[in-house]
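Descriptive structure summary
This is what each chain is made of:
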Amino acid sequence: MALASDKQTNEANELMLSLPKEMGLNAGPYLHLFQDFWCPSFYFQGVINFQKHFHAKDSDVFLATFPKSGTTWLKALTFLIVNHQRFSSFENQPLLSSNPHELVSSPEFILSHDLHDQILSLSNMSEPRLFSTHLPFSALPKTMTESKCKIIYICRNPFDTFVSAWEFSTKIKSVSSSPAFTFEEAFEKYCNGITGFGPWWNHMLGYWNESITKPDKVLSLKYEELKEDTVFHVKRIVEFLDSPITQEGEGTTAIENIINLCRFEKMKDLGVNKSGYIHNIAEKKNFFRKGKIGDWKNYFSPSMIEKLSTIIEEKLSGSGLSFKVHS
Ligand code: PAP
């Protein structure tokens, strides 16, 4: 007799097989065009379950990102802000013994297996629950858009995002021996929007537009701005979340401590981030590569610069969203 979960898996598989597909850079290896975005096969069942079975709570906080835009950093910062009162001293911070991806997980991953048990454990999580997602805004479950849960989005200039994704893909377990594409081929796909959870411009614009019309619901950040003035933007997160961390006196010290603990060099250097895997395919250490703005300059040919600049201009023009990439 087929179990309910088997039936569900079969339905998702059938749906997945009926969709247009392309080879992806990693996590898949295929991408399926589902609801106007390229969903990696690795996440397909989880995305369906997230949309169908997840129940958002008003107190939930979601970190939404296009891959390689600053997810790990945002997870670390927000985890510390949200849990500010739970840990009495910095010495016993879970961030010192766990990778941020182990502390903040995404429903599209959690719900990809053992659905009923996972739904139960999600409902028992202490509040506020902190989650992440790579889903575009348009694909989020209604329960998220209808509840009062808050969403923090971070985006990054498309040049560095691409290089970061490329480098990461060459180190993923399943493709490390033979990457599916050359750098140039991967770039073409990226320019056509064919990347996991892409097109990247739709991803950015979906959250960006929502942050303009509903600033209490969606806070939009940029990786570059967070790097250039971390204090200012961390304070924006603190305010957005109505966090009890005050911004004066002891609160200032708390914010400084949070920022210091999440500094790239500090996190890269933690023993916990030097070995082991996330989701059994990505080595933790590979989430901390260079953490710089402008590394793309070491990779792009003049024609690639021109091509991507034109696409950025075409896709983002009139939106108010822009990136300083040539400084
Ligand atoms: P994910 O979406 O797969 O989780 P994500 O964390 O968004 O990945 O991207 C990793 C990038 O963030 C890496 O950029 P790079 O390849 O250009 O170096 C990584 O170095 C950078 N990163 C990770 N942690 C931090 C941090 N604490 N501060 C700044 N950048 C960071």
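Before reading further, recall that the structure is shown in the block above.
The notes below deal with the structure included here.

Here is what the cut-offs are and how they apply
The residue numbers shown here count from 1 along each chain, following its written sequence. It should be noted that, the model being predicted, local features are given only for residues of pLDDT at least 70 and side-chain atom pairs only at 80 or more, the latter also being counted only at that level, while totals for whole chains, interfaces and linings use all residues. Based on all heavy atoms of the structure, the side-chain values leave hydrogens and waters out of the count. Throughout, nonpolar core names a set of buried Ala, Val, Leu, Ile, Met, Phe, Trp, Tyr and Cys residues whose side chains join them through atoms within 4.5 Å. For the exposure calls, accessible area comes from a 1.4 Å probe over protein chains only, and a residue counts as buried if that area is under 20% of its type's maximum, exposed if over 50%, partly exposed in between. Whether two residues are in contact is decided by their heavy atoms, any of which lying within 4.5 Å being enough. What makes a residue near a molecule or strand is one non-hydrogen atom of that residue sitting within 4 Å of it. Here a polar contact is recorded for every N or O atom pair within 3.5 Å, except that within protein the pair must consist of a potential hydrogen donor and a potential acceptor, and residues adjacent in sequence are included only if both atoms are side-chain atoms. Residue burial considers only the protein chains on display, and all accessible areas are found by Shrake-Rupley using a 1.4 Å probe. Secondary structure elements follow DSSP: runs of H or I of four or more residues count as helices, runs of E of two or more count as strands, with numbering from the N terminus.

Residues Phe 54, Met 144, Ile 151, Trp 200 and Phe 300 are the most contacted members of the largest nonpolar core, which totals 59 residues. Beyond its immediate stretch of four places on either side in the chain, Phe 54 contacts Asn 49, Asp 60, Phe 62, Pro 107, Leu 111, Leu 122, Arg 129, Phe 131, Thr 143 and Met 144. One finds Leu 74, Phe 87, Phe 240 and Ala 282 within the second-largest nonpolar core, a separate group that totals 39 residues.

Around the ligand, 22 residues are found, and the nearest of them are Lys 68, Thr 71, Thr 72, Ser 164 and Lys 290. For the ligand, an oxygen atom lies 2.6 Å from a polar atom in the side chain of Thr 71. One nitrogen or oxygen atom from the side chain of His 101 is found 3.3 Å from an oxygen atom belonging to the ligand. Protein coverage of the free-state accessible area of the ligand, which is 640 Å², stands at 97%. Contributing elements (two or more residues each) for the shell around the ligand: α3 (71–82), α11 (223–228) and α14 (264–269). Here the shell around the ligand gets three residues from one element, more than from any other, and that element is α3.

This part is about the side chain of Asn 99. Among the secondary structure elements, Asn 99 is positioned in the loop between α3 and α4 (100–103). Here His 101 takes part through its backbone nitrogen, which lies 2.7 Å from a polar atom of the side chain of Asn 99. Among all residues touching Asn 99, those that are not within four sequence positions of it are Val 272, Asn 273, Ile 278, Lys 284 and Phe 288.

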